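Inside the fold
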Amino acid sequence: MENTIFGYHGTLLRIDLTEQICRTEKIDPNEFRLYMGGRGLGASMLLRELPAGIDPLSSENILIFSTGPLVGTPVPGSDRYSLHTKSPQTGLYSFSISGGRFGSIMKKTGFDVIVITGKSSVPTYLLINDEGSVEFRNADHLWGKNTESTQETIQADISPNVGITCIGPAGENMVPYACLLNERRALGRGGAGAVMGSKNLKAVVVQGNKKAPLADSKALKSAIRSGMAELRENPMTSKVLKMYGSASTLRKLKDNGVLPDKNWSDVALDEAESITAERMREHFLVEDIACSSGCPVKCSKMFGVKDGDWEGSLSEGPDYETVYSFGSCCGVYDLAPIIHADSICDMLGLDTISTGVSIAFAMECLEKGIIDAEAYSTGELAFGNPKTMIQLIEDIAFKRNFGAVVGLGTKRMAEKFGQGSEKFAMHAKGMELGGYDARGLKGMSLVYGCGPRGGCHHAGGYTVIPEIMNPKVDRFAESGKAPIVAASRNRRASLCDSSLMCAFVAIGLSDETVVGILNGASGLDYKSEDLITIGNRISQLERAFNFREGLTREDDALPQRLLDEVIPRGPSKGYKVDDFELMKDEFYQICGWDLKTGAPLAESLEALDIAWVKEYIAL
Ligand code: SF4
């Protein structure tokens, strides 16, 4: 058993859609030691395997589905997988993580990683089983179906026990912010759904029963028991998230004056009382759900609308980001249409943050007279009008009418509209921002501006908890935020996104327990400081990928609105981001990036045992 890799199968499956062939390969065990799994493995493979400069929607782009050492184990929150590709929205590195059954069933096929290349000539779905067989099945009957109907049809054809991840009409139509759905869980910010669509790939279906060997089942069980006790004791995991899900954050953000309102032209204060998580639970809760078997937190919520214009709408969510994007950001302070918007985005396969923020940008362009309502046939689209917002979502997915324009996203819309609209296009590197006003939470400006996948609120770190909850951290200070951002980024990149443990579960676990869990599964003898080192290594790979694609220091940028306009009212009134370049200097120094070019420094790569990366970025 000397060469056994614990927690993994050690095998990778390659599928070529063009030639309709597949083959398996062994994965070098050192890859697991260096990158752990999930986000780390995907980042390493994408950098090595994807040629620089390719069109993300061409057959040359690749899709990498990856699992990690905890997937398929009884660790709470470990039914997960990651997906990596080059983003059609940003032209840069893209990864996403999702809960749900797909990840654990994928691991049971006996493959840790599935790499899909090429392009099918006709609509296709893949059926992968644990015998190593891959069927290229015709998907003509699925093309055009929404994600729910696609999954129901496949389950009826094969078995209810398969794992399915699929695209909806938005992916088929290659909307740059189309995503994938498995059950009712979405992944693919940055347009992974459009990449699937460009390959004529409607769905990936997995079935299997293989279990990866574990290093020490007894030690793993004992660490899980400790973890469950910690989750019960931690107020976030045992009360706040359990009762209200991620939307519980909304009240804190409102109270601190950092909940963006009307495309970030203002912040939401008392008006946001109508869209709080407490109100959502009281009026719309159908049931609490665990997206991962055995997760005691059950932060997912099924919400339903019982009456009024949106009667019958049912959605798993909306999470905080969706309440922000379709709610306060569009000036809609009514939960029923927000739940409906969430539900139809899931059906159509659209990313809710980019969809809502793109609509809000269009609303402000109309309000300011930058675009003409008649010329663009926008109807009554305006802040606070949910009916036109909902209509637009469907048009975005089908690239119809004004939806074809809004589907471009804020960056490309601003390029099209001009007239100064780029100053309030709320994106970073082409990806729309998550819902935390960085003018009152300065650490988040580095998260958005320097994160690996654009305006994402977590891939480049997450400072909301320390900035709001820790009295020793001044949320308005700019200098000194870099270490907080880098530490949160690195911890999440390894512990959550590469082992594939849910980030909400990880909130409630001590480092000691986490390390016990990882070591029980993998036998790799991790120490807690290794988590930061591995996360840092992954961040360097992601940075190298983007640098090779042409990213410069100037691309680490924020929307001009955050630099020029102060928050107009509330507890953060009068603040803006004053010296983002200084913040970047501090951040680059901590990350080991060149102050002028933004590239990872050779010595940073060597110190992290990834000197091979130098060759890929010509250092
Ligand atoms: S905490 Fe929430 S998101 Fe995480 S595994 Fe549990 S139910 Fe899923």
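One can find the structure itself at the top, above this paragraph.
Heads up: these notes are all about the structure in this document. (Residues numbered from 1 in each chain as written. Predicted model: local features only at pLDDT ≥ 70, side-chain atom pairs only at ≥ 80, totals over all residues. Heavy atoms only, no water.)

1. Remarks on the sheet that holds strand β5 (residues 93–98)
Ordered by their spatial adjacency, 6 strands build an open sheet running β2-β1-β6-β3-β4-β5, and the pairing between neighbours is mixed. The outermost strands of the open sheet, each flanked by one partner alone, are β2 (21–26) and β5. The sheet shows a mean angle of 15° between the axes of neighbouring strands, direction not considered. Sheet topology note: the strand β3 (residues 63–66)/strand β4 (residues 81–86) ladder contains 3 bridges and is antiparallel. What sits directly across from I64, in β4, is H84. Its contacts with the sheet place helix α2 (residues 38–49) against β1 (11–16), β3, β4, β5 and β6 (113–117), and it is angled at close to 25° to β4. (Pairing = 2+ DSSP bridges. Helix = DSSP H or I, 4+ residues; strand = E, 2+ residues; numbered from the N terminus. Axes fitted to C-alpha atoms, helices over the stretch in contact; angles between N-to-C directions. Contact = heavy atoms within 4.5 Å.)

2. Section: the packing of aromatic side chains
For the coordinates displayed, the defined rule picks out 19 aromatic pairs. Plain terms: the ring middles of W264 and Y324 are 6.4 Å apart, the flat faces sit at 85° to each other, and that makes the pair edge-to-face. Here W264, found in the loop between β13 (260–261) and β14 (266–267), pairs with Y324, found in helix α11 (residues 320–327); they are 60 residues apart in sequence, far enough to count as distant. Classification of W264 by relative accessible area gives buried; the value is 0%. Taking relative accessible area as the criterion, Y324 reaches 0% and is therefore assigned buried. Here Y376 and F417 contribute two aromatic rings whose centre-to-centre distance is 5.5 Å and whose plane-to-plane angle is 70°, an arrangement assigned as edge-to-face. Of this pair, Y376 sits in the loop between α13 (352–367) and α14 (386–397) while F417 is found in helix α16 (residues 410–417), placing the two residues 41 residues apart along the sequence. Connected via pairs of aromatic rings, a cluster forms that spans W264, Y320, Y324, Y436, Y448 and Y462. Looking at R453, its charged tip hangs above the ring of F95, at a distance of 5.2 Å from the centre. Positioned over the ring face of W593 is R543, at 3.9 Å from the centre of the ring. (Phe/Tyr/Trp six-rings, centres within 6.5 Å; stacked < 30°, edge-to-face > 60°. Buried < 20%, exposed > 50% of the residue type's maximum accessible area, 1.4 Å probe, protein only. Lys NZ or Arg CZ within 6 Å of the ring centre and 35° of its normal.)

3. Notes on the sheet that holds strand β16 (residues 300–304)
The strands that make up a sheet pair up through hydrogen bonds in the backbone, lying either parallel or antiparallel. Strands sit in the order β15-β16-β17 across an open sheet of 3 strands; the sheet is antiparallel. Two strands in the sheet have a free side with no partner beyond their single neighbour: β15 (285–289) and β17 (314–316). Taking the axes of each pair of neighbouring strands and ignoring which way they run, one obtains an average angle of 15° across the sheet. Of the strands in this sheet, β16 and β17 are in contact with helix α12 (residues 335–348), which crosses β17 at around 75°.

None of this, on its own, says anything about what the molecule does.
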